[in-house]
Amino acid sequence: MMQSVDIAIVGGGMVGLTLAAALADSDLRVAVIEGKLPEHDLGPLPDIRVSALSRASESILRHVGAWPGIESRRISPYHAMKVWEQDSFANIEFSAEHEPERNLGHIVENRVVQLALLDKVTKQSNVTLIAPDTCSNLVFGESEAWLTLASGASLTAKLVIGADGANSWVRHHLDIPLTHWDYGHSALVANIRTVEPHNGVARQIFRPQGPLAFLPLSDPNMCSIVWSTDPLQAERLLGLDEVAFNQVLTAAFDNQLGLCQVEGERQAFPLKMRYARDFVRERVALVGDAAHTIHPLAGQGVNLGLLDAASLAQELLELHRNDLDIGSKRNLRHYERWRKAEAAQMIATMQGFKELFSGANPVKKMLRGLGMALANRIPLLKDELMKRALGITGELPLLANRKQ
């Protein structure tokens, strides 16, 4: 039997579900197609894939009704950030002391965000969740797209949205070209118990081999780490026994929180920049990692994706209110220009940071130290950096407005 919807969202992760939740107050018929639903029961140890949710992302998730589900599970606000360079005087610190919420953001497991959004979306009368299932074919007519699923089911939609991650099936199926490069790093992630409490401070050290971040979790002595290093070193670190790994990690982190003790598994994944040439085709739009991926050194990848979802929802609701075709490429061009510009700026910023802190040339190290010292002492510059960390700069969608 053929099901007919207005919007088919391929991918039921954080970004796809946020988009579906943002369409709750409309009569648009939405299908969300997801290949694997998350386990509902959280273990005593946090998942190793976490996100640093910015103030803008918090606003979006509050407005779509998912924030209570996040808070009721597991969440860790952080109220300060400390950044420094190894073997250098370069350092800078940010504090939420004068912020109304007294925090700079929240560290949350990706699965917690997904579960909270599923709580919301599965109660929406205008959403059909099709899971577990995947897409096997996509063809287009003049005014709709036809999706065939692996289960044999099929549906038509005025718009298909690729929210299916960095290796997007939708993007591949349409042969949308990518600008891409390999950062030459892998990111090692793990849960780490420390002797000293983290005190709600996010810490990042820039080392010659790449940055190492300690993100505070709800347990006062537990952090999630993101260790960017060359792929061979990442493999060596994965192969170390726990005692050896703990010793290497403690030294790499300048012994900031005392002896480090890994708890649970370690994983590493390659870091690549991806930027789709088209965020929009006729009857198709891309959001999140399907459209772009960036270096995780500032933790902005998920935040960028949630802004995509909120921005596209805003555009679709406006088109629908004005009785315009929501799948027309011409009508979706504003979304594409808007989000391509924001993504390109973020990619350039992350690449600039990466280049700035790469290498151990003494002159370059001195310039980095002077620059960070200057930024630490100039209120206007530091305030601008703070706004970027909070995700409250640029052209924001309405759902990212805290006062909406």
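Relevant structure appears above.
In this report, the structure presented in the accompanying data block is examined. All values reported here derive from a predicted model rather than from experimental measurement. Starting from 1, residues in each chain are numbered consecutively following that chain's sequence as written. Where local features are concerned, this predicted model is filtered to residues with pLDDT of at least 70; where side-chain atom pairs are given and counted, the filter is 80 or more; whole-chain, interface and lining totals use all residues. With hydrogens and water excluded, all non-hydrogen atoms of the structure serve as input to the side-chain values.

Topic: the pairing of strand β10 (residues 145–149)
Argument step 1. Only protein chains enter the accessibility calculation, which uses a 1.4 Å probe; a residue is then buried when its area is under 20% of its type maximum, exposed when over 50%, and partly exposed in between. Comment: elements are numbered from the N terminus, with helices defined as DSSP H or I runs of at least four residues and strands as E runs of at least two. Where burial is concerned, the two faces of β10 differ: the one with A145, L147 and L149 is buried and the one with W146 and T148 is not.
Argument step 2. Where strand β9 (residues 135–140) and β10 come together, five bridges link them in antiparallel fashion. Bridge pairing in β10 places N137 opposite T148.
Argument step 3. In short, DSSP must find at least two bridges between two strands for them to pair. Taken together, β9 and the strand that follows it, β10, pair antiparallel across an intervening segment of four residues.
Argument step 4. Following β10, the chain reverses through four residues before pairing antiparallel with strand β11 (residues 154–162); G152 in that reversal takes a positive phi of roughly 100°.

Concerning the sheet that holds strand β5 (residues 80–85)
Argument step 1. Here we have eight strands laid out as an open sheet, ordered β6-β5-β13-β14-β15-β12-β16-β19, and mixed in their pairing. Looking at the sheet topology across the chains shown, the edges are occupied by β6 (91–95) and β19 (292–293).
Argument step 2. Relative to strand β15 (residues 222–229), strand β12 (residues 178–194) runs antiparallel, the two sharing eight bridges. Its bridge partner being in β15, V189 is matched across the sheet by V226.
Argument step 3. Seen against the sheet, helix α7 (residues 242–252) touches β12, β13 (201–207), β14 (210–216), β15 and β16 (260–276) and runs at an angle of roughly 65° to β16. When checking whether two residues touch, look at their non-hydrogen atoms; a contact exists if any pair is within 4.5 Å. For helices, the fitted line uses only the C-alpha atoms of the stretch in contact; every axis is such a line through C-alpha atoms, and the angle between N-to-C directions lies from 0 to 180 degrees.

Looking at the side chain of R283
Argument step 1. Take R283: it is sitting in the loop between β17 (280–281) and β18 (284–286).
Argument step 2. For R283, a relative accessible area of 2% translates into the label buried.
Argument step 3. Residues in contact with R283, not counting those within four places in the same chain, are F140, E142, S143, E144, A145, K158, L159, V160, D325, G327 and S328.

A closer look at the sheet that holds strand β4 (residues 76–78)
Argument step 1. A sheet is described by the order of its strands in space; here three strands give the open sequence β3-β7-β4, paired in antiparallel fashion. In the strand order of this sheet, the two ends are held by β3 (50–53) and β4, each with one partner. Each strand of the sheet is rotated relative to its neighbour by a mean of 25°, with strand direction disregarded.
Argument step 2. Bridging between β3 and strand β7 (residues 105–109) involves four bridges; their strand directions are antiparallel. Bridge pairing in β7 places S51 opposite V108.

As for helix α2 (residues 55–63)
Argument step 1. For α2, the tally of buried residues reaches seven of nine residues, placing the bulk of the element in the interior.
Argument step 2. Of the residues making up α2, those classed as buried are R55, A56, S57, E58, S59, I60 and L61.

Here we look at a nonpolar patch on the surface
Argument step 1. There is a patch of nonpolar side chains on the surface, built from M2, V139 and W146 and spanning about 250 Å² of accessible area.
Argument step 2. Looking at the element boundaries, M2 is found in strand β1 (residues 2–10).
Argument step 3. The class of M2 is partly exposed, set by a relative accessible area of 44%. For patch building, the residue pool is restricted to those with more than 30% relative accessible area and no salt bridge; the joining distance is 9 Å between like charges and 5 Å between nonpolar side chains (Val, Leu, Ile, Met, Phe, Trp, Tyr). In these tables, accessible area is a Shrake-Rupley quantity obtained with a 1.4 Å probe, and a residue counts as shielded only by the protein chains included in the view. Salt bridges are defined as contacts in which a side-chain nitrogen from Lys or Arg sits within 4 Å of a carboxyl oxygen from Asp or Glu.

Observations regarding the environment of S228
Argument step 1. The residue S228 is located in strand β15 in this model.
Argument step 2. By relative accessible area, S228 is classed as buried at 2%.
Argument step 3. Separated by 18 residues in sequence, S228 and G210 place their C-alpha atoms 5.2 Å apart.
Argument step 4. Discounting residues that sit within four places of it in the chain, S228 has contacts with H185, S186, A187, Q209, G210, P211, L271, H295 and P296.

Observations concerning the pattern of salt bridges
Argument step 1. Taken as a whole and judged by the stated rule, the model has 14 salt bridges.
Argument step 2. Here E109 and R74 are joined by a salt bridge, their closest N and O atoms 2.7 Å apart. In this pair, E109 sits in strand β7 while R74 sits in the loop between α3 (67–71) and β4, placing the two residues 35 residues apart along the sequence.
Argument step 3. Each of the salt bridges in this network shares a partner with another, and the network as a whole consists of D6, R29 and K158.

Observations concerning the packing of helix α1 (residues 14–22) against helix α4 (residues 110–121)
Argument step 1. For the pair α1 and α4, the least separation of the axes is 9 Å and the interaxial angle reads 25°. Taken together, the axes of α1 and α4 are roughly parallel relative to one another. Seen along the crossing, α1 lies across α4 with a hand that is left-handed. Counted together, M14, L17, T18, A20 and A21 of α1 and N110, V113, Q114, L117, L118, K120 and V121 of α4 form the full contact between these two elements. Roughly parallel means an angle under 35 degrees; roughly antiparallel, over 145; roughly perpendicular, 65 to 115; everything else is oblique. A crossing counts as left-handed when the near helix is turned anticlockwise from the far one by less than a right angle, and as right-handed when that turn is clockwise.

Looking at the pairing of β14
Argument step 1. Among the seven residues of β14, seven are classified as buried, and the element is accordingly described as predominantly covered.
Argument step 2. Of the pairings in the sheet, the one linking β13 to β14 comprises five bridges and is antiparallel in character. Considered in β14, the bridge of Q204 is made with A213.
Argument step 3. Between β13 and β14, which pair antiparallel and follow one another directly, the connecting turn spans two residues.

Function cannot be inferred from these measures alone, as they are strictly geometric.
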